[in-house]
There are 2 protein chains.
Amino acid sequence: MQRLYFLTLILIWLAKPAFSQQAVVDAIFSNALKSDVAYEQLRILCTTTEGRIAGSPQAAAAVEYTKQLMEQMDLDSVYLQKVMVPNWKRGEPEQARLISRVLGNQELSVTALGLSVGTGPQGLIAPVLEVQSLEELEQLGEAAVKGKIVFFNRAVNQDHYNTFQGYSGAVDQRVMGPLTAARLGAVAALVRSVTTASHDYPHTGVTRFDADGRNIPALAVSPKGADLLSQALKTDPDLSLYLRNTSHQLPDAVSYNVIGEIRGTDFPDQIITVGGHIDAWDNSQGAHDNGGGCVQSIDMLRIFRELNIQDEEIRQTGGNTYADSANAASEKHYFALESDRGVFTPRGFSIDAEGEQLEALQALKPYFEAYGMHEFVKGGSGVDIRPLKNYYNMAQAGLVTDSQRYFDLHHAASDTFEKINRRELNLGTAAMAAFIYLIDHLDTLGEE
Amino acid sequence: MQRLYFLTLILIWLAKPAFSQQAVVDAIFSNALKSDVAYEQLRILCTTTEGRIAGSPQAAAAVEYTKQLMEQMDLDSVYLQKVMVPNWKRGEPEQARLISRVLGNQELSVTALGLSVGTGPQGLIAPVLEVQSLEELEQLGEAAVKGKIVFFNRAVNQDHYNTFQGYSGAVDQRVMGPLTAARLGAVAALVRSVTTASHDYPHTGVTRFDADGRNIPALAVSPKGADLLSQALKTDPDLSLYLRNTSHQLPDAVSYNVIGEIRGTDFPDQIITVGGHIDAWDNSQGAHDNGGGCVQSIDMLRIFRELNIQDEEIRQTGGNTYADSANAASEKHYFALESDRGVFTPRGFSIDAEGEQLEALQALKPYFEAYGMHEFVKGGSGVDIRPLKNYYNMAQAGLVTDSQRYFDLHHAASDTFEKINRRELNLGTAAMAAFIYLIDHLDTLGEE
């Protein structure tokens, strides 16, 4: 769910084997469930490249590590593709202090939102205006907002079974809130963390700004801190908030997509892409988001090798640069798959396709039902493979995982390796490997 | 999965409402997903009654706490039902030390198996015989076994998607291994923890003994310790193991089933039972096994109350005593439901019924598919409601949860409250509440 631009992708082309497809699917799951390989790779990635935000030395180390992993795999080629990435630095630990004559002072747990400007080293103090929505803020208008810190406090709606629905219903405050507040004259924005948890971790994430407008410091406050502040405002509406944030933007930096290829023999000109971003927010190990998706993508290749499924064509690369480059090279992209919803038990695939393509992919469901995967639904794929859609009339899919825990740790310091379960990681790998294997053996994906 | 005899059950009878059943199911899930109530109750249960093994003061405190919770709920009656429970005490922390002239000494992480006898305060030292199965041990025979510590080292087979299958395939070593080793003259038994994890926690559990046979100390070793010992035996087959365990058996103790009732109006003589055991292994907080199942059973009542679903008949009680007593009182038991597979996202129900009853219950699946529940399969229900089957021709079911993580913490010190996710807990409650609601509104469960 992170929208920075460095990622890992794999492209695969498989030739036809002669044995039962369900037997191959079962062998893939069995191999994955017994393996420690990806789990150990993810442990190393999380603990040695913690905070690997795009442009950081840790991100460069993650590029090097994943490249090394692939170089050890006897692929046809492994190479790096240059990408320019934003280069935002957090600076010193952020501070937020509620200042009230009635209630005394109280520290709140906060984090700068990605791409936020700083407050200056002295910080800023201002009264607080709490709102529940962008619409409420717009209605209050400039007179009410000017000079204030706008506090967006609408919590994630927990009604929905799928937490992505709750997340989508609240994330506008983080993405558009600071921008809207800045237009109306606010001095800063504080956004309730977009999370299903009620803990004291703040959750970061990208916020947008007008390219030519006034930028203001934009921070997220932990859900516990948000509750405390909201309660305090009821008692003392005249309280002030002190905020200090020294994050700042540097010129775009060079990073790399890591690309691994295995050339197919039967249809070497048709490419299947698999992968996900390897960068992570600088406040976390990025275990679920998205180190897990990367090692899963790589571990698929190990499984194909070990099961002697021949003739894969594989690449690892990513995002806009990858799509632009693929188009320039006149590659034929057939299908793309992304894992970026956390390392939890797989439940199915979200399929971004129409008509016959959608039907053909949904028809693969019976192979997966014994593995608890029943959700083969039309929906979005993943933000890092979507650019390929600009150039190709291709089907895409995203691995759907059990969503209950994801937004407890998404973009927060709680996203650590210890939250990863080996079996859940490997089931995701197996699901992706089996899906790619089966798609490769369809006669055609049909027309949209 | 714990087989001690103190538990919590709830019995429910609901009358007919006039509105759409899917709307009621949806309202139940929505209510549950927003609630903090059960999560906070479980926090208190786990942190104030840690180690609540049957017969312990902590178990008595857990009885009192759950009784108080129900007394605050405006039920028709809340009472205790006396149960005699085994009263086994662990004693001092167990010790295991590998002693090798070649490799030096090394401590192993061990725990006494439930009902194990002690080694005496001085401990014991003996050579080690590693086996992979009961069959291998039997074939080796008394000459090879006599005077040895038998080390059962077959790991859980991780191939299976459902971890209960892997568990079932390995647990014979723990349940029957020490007994078999004792018959062949072993001085002690050490069993590889029956777990999907590879950590250094040992996992306890019940072991069986001949009532009139020779008992030997029986301990479980952590998976990490088992790997270490097995590797050491390859290098130095003549190594010895020092074991010390001071657990011992006291006379059976008095405990109580906690019973809550709401009398139905339409069919007050027909009873639906819901619940699970509240005791836990003394080495853990018993969060997943099975504090979660207990607070879920209680929280169902809160949901029925808040949604104004009237006329429930509810009881809380348990196990063999409960079944015997129910039979003596000529109660009519209609259906029983248990939650004892950990607090994870619900996947369906395991239904212990035949013929029309099975079909009627499986036909409820469409109500649950939007909540990711697709497994409505014939299978076992739960060990604590099964005794009712001795007296009643009744259908039973167990809540099926995502099994990937359960045996990482089952019967181990890692089974703590912090491993509980609020949404997964509440989804389980909602699934149980909705299932009971729907069963209550079937005209008949039909014939077996």
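Look up a bit, the structure's there.
In short, a report on the structure. Every value quoted in this text rests on a predicted model; they were computed, and no experiment measured them.

## A look at a nonpolar patch on the surface
Residue and element names in this part refer to chain A.
Logical step 1: Judged by side-chain polarity, Leu80, Met84, Val254 and Tyr256 come together as a nonpolar surface patch covering roughly 310 Å² of accessible area.
Logical step 2: When contributions to the nonpolar patch are tallied by element, the ones reaching two or more residues are strand S2 (77-89) and strand S11 (248-261).
Logical step 3: What makes methionine 84 partly exposed here is its relative accessible area of 43%.

## Thoughts on the layout of surface pockets
Gaps left between atoms show up when a probe the size of a water molecule is rolled over them.
Logical step 1: The volume enclosed by the largest pocket comes to roughly 1700 Å³.
Logical step 2: Taken together, 48 residues line the largest pocket, and the ones lying closest to its centre are Glu418, Lys419 and Ile420 of chain A together with Glu418 and Lys419 of chain B.
Logical step 3: Elements that contribute at least two residues to the lining of the largest pocket include exactly helix H2 (37-48), helix H7 (223-235), helix H11 (406-409) and helix H12 (422-440) of chain A together with helix H2 (37-48), helix H11 (406-409) and helix H12 (422-440) of chain B.
Logical step 4: Looking at the lining of the largest pocket residue by residue, the classes come out as 14 nonpolar, 13 polar and 21 charged.

## What about the side chain of serine 30 of chain B?
Logical step 1: Relative to the elements of secondary structure, serine 30 of chain B occurs in helix H1 (residues 21-34).
Logical step 2: Among the polar contacts made by the side chain of serine 30 of chain B, one reaches the side chain of aspartate 159 of chain A at a distance of 3.1 Å.

## Description of the relation of the copies chain A and chain B
Logical step 1: Structural alignment of chain A on chain B gives an RMSD of 0.0 Å, achieved by rotating through 180° and translating 0.0 Å along the axis. Such a combination of turn and shift is consistent with a two-fold rotation axis. Every residue of chain A has its C-alpha some distance from the rotation axis, and the shortest such distance is that of histidine 374 of chain A, at 3.8 Å.
Logical step 2: Take the interface residues of chain A: 100% of them recur as interface residues in chain B, which is what a same-surface contact looks like.

## Re the sheet that holds strand S5 (residues 110-112) of chain A
Residues and elements named next belong to chain A.
Logical step 1: Across the sheet, 8 strands lie side by side as S4-S3-S10-S6-S7-S8-S9-S5; this open sheet has mixed pairing. A strand with exactly one partner marks an edge of an open sheet, and here the two such strands are strand S4 (104-107) and S5. The mean inter-strand angle of the sheet, taken between neighbouring strand axes irrespective of direction, is 30°.
Logical step 2: Where strand S7 (residues 149-152) lies against strand S8 (residues 188-192), 4 bridges are found, and the strand directions are parallel. For phenylalanine 151, the partnering residue across the bridge sits in S8 and is leucine 190.
Logical step 3: Across the sheet, helix H4 (residues 134-145) lies against strand S6 (124-131) and S7, angled at about 135° from S6, the strand it touches most.

## Brief notes about the interface of chain A and chain B
It is common to report an interface's size as the accessible area lost on association of the parts.
Logical step 1: Counting from both sides, the interface comprises 25 residues of chain A and, opposite them, 25 residues of chain B.
Logical step 2: At the boundary of chain A with chain B, total buried surface from both sides reaches about 2300 Å², with 45% on carbon and sulfur atoms.
Logical step 3: If you sort the residues of chain A by the area they bury against chain B, Asp159, Tyr161 and Arg423 of chain A come out on top, with a joint share of 27%.
Logical step 4: Summed over the shared surface of chain A and chain B, the result is 4 salt bridges.
Logical step 5: Of the charged contacts, one joins arginine 405 of chain B and glutamate 424 of chain A as a salt bridge, the two residues approaching to 3.2 Å between their closest N and O atoms.
Logical step 6: For the pair chain A and chain B, the number of links is 24 residue pairs in polar contact (both at pLDDT 80 or more).
Logical step 7: Where the side of chain A that touches chain B is concerned, the elements lending two or more residues are helix H1 (21-34) and H12 of chain A.
Logical step 8: Here the side of chain A that touches chain B gets 4 residues from one element, more than from any other, and that element is H12 of chain A.
Logical step 9: Residues belonging to the side of chain A that touches chain B are distributed by class as follows: 5 nonpolar, 10 polar and 10 charged.

Thresholds applied
Residues numbered from 1 in each chain as written. Chains lettered and ligands numbered in written order. Predicted model: local features only at pLDDT ≥ 70, side-chain atom pairs only at ≥ 80, totals over all residues. Heavy atoms only, no water. Patch = residues over 30% accessible without salt bridge, like charges linked within 9 Å, V, L, I, M, F, W, Y side chains within 5 Å. Areas by Shrake-Rupley, 256 points an atom, 1.4 Å probe, with all protein chains shown as cover. Salt bridge = Lys/Arg side-chain N within 4 Å of Asp/Glu carboxyl O. Helix = DSSP H or I, 4+ residues; strand = E, 2+ residues; numbered from the N terminus. Buried < 20%, exposed > 50% of the residue type's maximum accessible area, 1.4 Å probe, protein only. 1 Å grid on protein atoms, 1.4 Å probe; cavity = no way out; pocket = protein on both sides within 12 Å on 5 of 7 lines; lining within 4 Å. Points joined across faces, edges and corners; volume = space filled by probe spheres on them. Nonpolar A, V, L, I, M, F, W, Y, C, P; charged D, E, K, R; others polar. Polar contact = N/O pair within 3.5 Å; in protein donor to acceptor, adjacent residues only side chain to side chain. Least-squares fit on C-alpha atoms with pLDDT ≥ 70 in both. Contact = heavy atoms within 4.5 Å. Pairing = 2+ DSSP bridges. Axes fitted to C-alpha atoms, helices over the stretch in contact; angles between N-to-C directions. Buried area = accessible area lost by both parts, 1.4 Å probe.

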